[in-house]
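Tertiary structure, described
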Amino acid sequence: MDTTQLFSLKGRTALITGGSRGIGRMIAEGFLAQGARVYISARKAAACDQTAKELSAFGHCVSLPADVSTVEGAQGLVDAYAKHEGSLDILVNNAGAAWGAPYAEFPESGWDKVVDLNLKTPFFLTQALTPMLKKAATDHLSKVINIASIDGISVNPQETYSYAASKAGLIQLTRRMALRLAQERIVVSAIAPGAFASDMNKDARDHGDEVKGRIPAGRIGTPEDMAGAAIYLASRAGDYVMGSTLIVDGGVTHAR
Ligand SMILES: NC(=O)c1ccc[n+]([C@@H]2O[C@H](COP(=O)([O-])OP(=O)(O)OC[C@H]3O[C@@H](n4cnc5c(N)ncnc54)[C@H](OP(=O)(O)O)[C@@H]3O)[C@@H](O)[C@H]2O)c1
């Protein structure tokens, strides 16, 4: 067995929503290091362009700014991507939002914003990109990786009702879509991250010392932890992982 190319993404194309910072950026950097051509997307064009510029030090990285929270916005991203590439090997549905509010005051806006972006968008963006993913699935399989959360598996005490529901829904959607898309040589899986430093997880970013006390591994996740999981699922190494959600949380879920 030759395992030297098992994790290679050489010659593959990847589209990562929410790639301008945080977890999406960690995955983008990992994919570039493995030889993929990477397209990152986010709403704030200047930040997305700047990240693509910085990541270009590691390979071919292009910024495609878009708001993917609506079906029209997602289609805009597909159209922009199609100007660069004729097929797509790897889609990472990573862009996400969270909202916390006490139960009695939880607003409809905090429901729709979160559930639209975290749950509806992965479905419709994948649907729109399926012809491109099918086209890439020639001598290898194409991949869709959904970024869920451990909050979709076990209950976070914070009052993030729409977030918890969206991530649990995404985990089940991953299973359902995996069954359908296996027929097209497209493998669908998910990652459930624990604590990674980001704008969304300010606790992990700004109070890492406090947060790490609640993590069996004794630390928050690093870019290598996230990149390693994503590279595994995206490459030949992860071809037989279908519909599953890989928990990458330093043991938190088992300790909650
Ligand atoms: N960090 C953690 O500890 C953690 C744990 C579990 C799960 N996750 C999940 O990991 C994913 C990434 O989270 P993160 O922590 O890296 O968050 P983050 O730092 O807030 O990054 C979110 C990314 O998504 C983009 N984005 C937000 N809304 C968008 C929209 N409507 N259209 C397009 N792009 C949009 C943001 O850029 P713009 O603002 O410019 O659009 C940014 O690039 C999310 O799905 C999150 O739920 C994170």
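Residues numbered from 1 in each chain as written. Predicted model: local features only at pLDDT ≥ 70, side-chain atom pairs only at ≥ 80, totals over all residues. Heavy atoms only, no water.

Focus on the site of the ligand
Applicable threshold: Each residue is tested against the molecule or strand, and it is near if at least one of its non-hydrogen atoms lies within 4 Å. In the analysis that follows, any N or O atom pair within 3.5 Å is treated as a polar contact, provided that within protein one partner can donate a hydrogen and the other can accept it, and provided that, for residues neighboring in sequence, both atoms belong to side chains. Note that accessible areas follow from Shrake-Rupley with a 1.4 Å probe, and for residues the cover is restricted to the protein chains shown. Segments assigned H or I by DSSP are reported as helices when at least four residues long, segments assigned E as strands when at least two residues long, and all are numbered from the N terminus. Amino acids are sorted into nonpolar (Ala, Val, Leu, Ile, Met, Phe, Trp, Tyr, Cys and Pro), charged (Asp, Glu, Lys and Arg) and polar (every other residue, Gly among them).
Taken together, 29 residues surround the ligand, and among them S20, R43, N94, Y163 and S198 come closest. The contact in question runs from an oxygen atom of the ligand to an N or O atom on the side chain of Y163, over 2.6 Å. F196 is positioned such that a nitrogen or oxygen atom in its backbone is 2.9 Å from an oxygen atom of the ligand. Compared with its free state, where it exposes 880 Å², the ligand has 96% of that area covered by protein. For the shell around the ligand, the secondary structure elements donating two or more residues are α1 (22-33) and α5 (161-181). Among the residues forming the shell around the ligand, the class breakdown is 13 nonpolar, 10 polar and 6 charged.

What to know about unusual backbone geometry
How we decide: Each residue is placed in one exposure class: buried if its accessible area under a 1.4 Å probe, protein chains only, is under 20% of its type's maximum, exposed if it is over 50%, and partly exposed if it falls in between.
Backbone geometry places R185, a non-glycine residue, at a positive phi of 65°. Summarising the element assignment, R185 is placed in the loop between α5 and β6 (186-193). On the basis of relative accessibility, which here comes to 36%, the residue R185 falls in the partly exposed class.

Considering the sheet that holds strand β3 (residues 61-63)
Quick note on the threshold: At least two bridges found by DSSP between two strands are what make those strands a pair. To obtain each axis, a line is fitted to C-alpha atoms, and for helices this fit is confined to the stretch in contact; angles are then taken between N-to-C directions over 0 to 180 degrees. Residues count as neighbours in contact if any of their non-hydrogen atoms are within 4.5 Å of one another.
Pairing within the open sheet is parallel, and its 7 strands lie in the order β3-β2-β1-β4-β5-β6-β7. Each edge of the open sheet is held by one strand with a lone partner, namely β3 and β7 (245-248). In this sheet, neighbouring strand axes are inclined to one another by 20° on average, regardless of whether the strands run parallel or antiparallel. Taken together, the 3 bridges between strand β2 (residues 37-41) and β3 define a ladder with parallel strand orientation. Within the sheet, the bridge partner assigned to Y39 lies in β3 and is V62. Docked against the sheet, α5 engages β5 (142-147), β6 and β7, running at close to 160° with respect to β6. Lying over the sheet, helix α8 (residues 223-234) contacts β4 (90-93), β5, β6 and β7, oriented at roughly 165° with respect to β6.

Regarding the nonpolar core
Let me state the cut-off plainly: Grouping buried Ala, Val, Leu, Ile, Met, Phe, Trp, Tyr and Cys residues that are joined through side-chain atoms within 4.5 Å yields what is termed a nonpolar core.
The biggest cluster of nonpolar side chains holds 32 residues, and the ones touching the most others in it are I27, F31, V38, I90, V92, I145 and I191. Only β1 (13-17), α1, β2, α2 (45-55), β4, β5 and α8 provide two or more residues apiece to this core. In this structure I90 touches L9, R12, T13, A14, L15, F31, L133, K143, I145 and A234, once residues within four positions along its chain are discounted. One finds M132, L170, M177 and L181 within the second-largest nonpolar core, a separate group that totals 29 residues.

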